[in-house]
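Breakdown of the fold
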Amino acid sequence: ALSKLEVGRMAVATFGTGPELVRSFDDPLPVDDMEGGHMLQRFSFAQKHTDVKHLLDFLNIQMNNPGSVSGNGRGDQVRLVFIISDGRLSEREEVRRRVSELQSSHILVAFILVDSISDGRKSIFDVQRVEYENDSSGKVKVTPYMDKFPVEFYAVVRDMSALPSVLADALR
């Protein structure tokens, strides 16, 4: 499928508290079933904490390094990054700023939110955020968590078995 879409290079990283490169841009395409299975084994989706801010810093270094395969993009060539996470982010403004920095380098960040409501967790759409008003009143404002999500391009997946088709649709 990737060759039909004329994907030139692909890297894969996993992250929790720190990112780890699972597949380098230097590895050739296509990805066979054995390599794909090996990569999938590296993902648990069970981390207690995910540091998206640190991941975005890692991506910026990896994708803008002139010595790397990913860093020698031509002119206005757009590079696409998928981040798969539960979407529960701390430091939202820092995440927004880093995503904007990546976009200025022609790197498009697409966020795939896995909205699992098992284990007593609320849906991401049921979560509320508490903010203080910027004026001197000190009023508290409660807003839906997904209002002003710091990544412009996102999709929500409730069933993990739909993840491959969501990724394929997003690539198209």
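Here we summarise the structure given alongside this text. Computed from a predicted model, the values in this text were never measured in an experiment.

Time to look at the environment of Gly-36. Tracing the chain through its elements places Gly-36 in helix α1 (residues 33–41). Sequence separation between Gly-36 and Arg-23 is 13 residues; the distance between their C-alpha atoms is 9.8 Å.

For the coordinates displayed, the defined rule picks out 2 aromatic pairs. Pairing Phe-111 with Phe-149 gives two aromatic rings, centres 5.4 Å apart and planes at 80°, and the pair type is edge-to-face. Within this pair, whereas Phe-111 is found in strand β4 (residues 107–114), its partner Phe-149 is found in the loop between β6 (140–144) and β7 (153–157), the two being separated by 38 residues in sequence. The exposure class assigned to Phe-111 is buried, which follows from its relative accessible area of 1%. Counting every residue linked through ring pairs, the aromatic cluster contains Phe-111, Phe-149 and Tyr-154.

On to the sheet that holds β7, then. The 3 strands lie next to each other as β3-β4-β7, forming an open sheet whose pairing is parallel. The sheet terminates laterally at β3 (79–85) and β7, the two strands that pair on one side only. Between one strand and the next, the sheet's axes are offset by a mean angle of 20°, whatever the strand orientation. Where β3 lies against β4, 7 bridges are found, and the strand directions are parallel. Within the sheet, the bridge partner assigned to Leu-80 lies in β4 and is Leu-108. Each of β4 and β7 touches helix α3 (residues 92–104); the most contacted strand, β4, lies at about 140° to it. Along the sheet face, helix α4 (residues 163–171) touches β3, β4 and β7 and points at about 155° away from the line of β3.

Attention now goes to the side chain of Ser-85. On the secondary structure map, Ser-85 appears in strand β3. Separated by 3.3 Å, the side chain of Ser-85 and the backbone nitrogen of Gly-87 make a polar contact. The residues contacting Ser-85, other than those within four sequence positions of it, are Phe-15, Thr-50, Phe-111, Ile-112, Leu-113 and Val-114.

Right, let's talk about the packing of helix α2 (residues 52–64) against α3 for a bit. With their axes 9 Å apart at the nearest point, α2 and α3 run at an angle of 15° to one another. By the angle between their axes, α2 is roughly parallel relative to α3. The two elements α2 and α3 cross, and the hand of that crossing is left-handed. The segment α2 lies against α3, with Val-52, Lys-53, Leu-56, Asp-57, Leu-59 and Asn-60 engaging Glu-94, Val-95, Arg-98, Val-99, Glu-101 and Leu-102. Residue composition of the contact of α2 with α3, by class: 6 nonpolar, 1 polar and 5 charged.

Rules and cut-offs
Residues numbered from 1 in each chain as written. Predicted model: local features only at pLDDT ≥ 70, side-chain atom pairs only at ≥ 80, totals over all residues. Heavy atoms only, no water. Helix = DSSP H or I, 4+ residues; strand = E, 2+ residues; numbered from the N terminus. Phe/Tyr/Trp six-rings, centres within 6.5 Å; stacked < 30°, edge-to-face > 60°. Buried < 20%, exposed > 50% of the residue type's maximum accessible area, 1.4 Å probe, protein only. Pairing = 2+ DSSP bridges. Axes fitted to C-alpha atoms, helices over the stretch in contact; angles between N-to-C directions. Contact = heavy atoms within 4.5 Å. Polar contact = N/O pair within 3.5 Å; in protein donor to acceptor, adjacent residues only side chain to side chain. Parallel < 35°, antiparallel > 145°, perpendicular 65-115°, else oblique. Left-handed = near helix turned anticlockwise from the far one by under 90°. Nonpolar A, V, L, I, M, F, W, Y, C, P; charged D, E, K, R; others polar.

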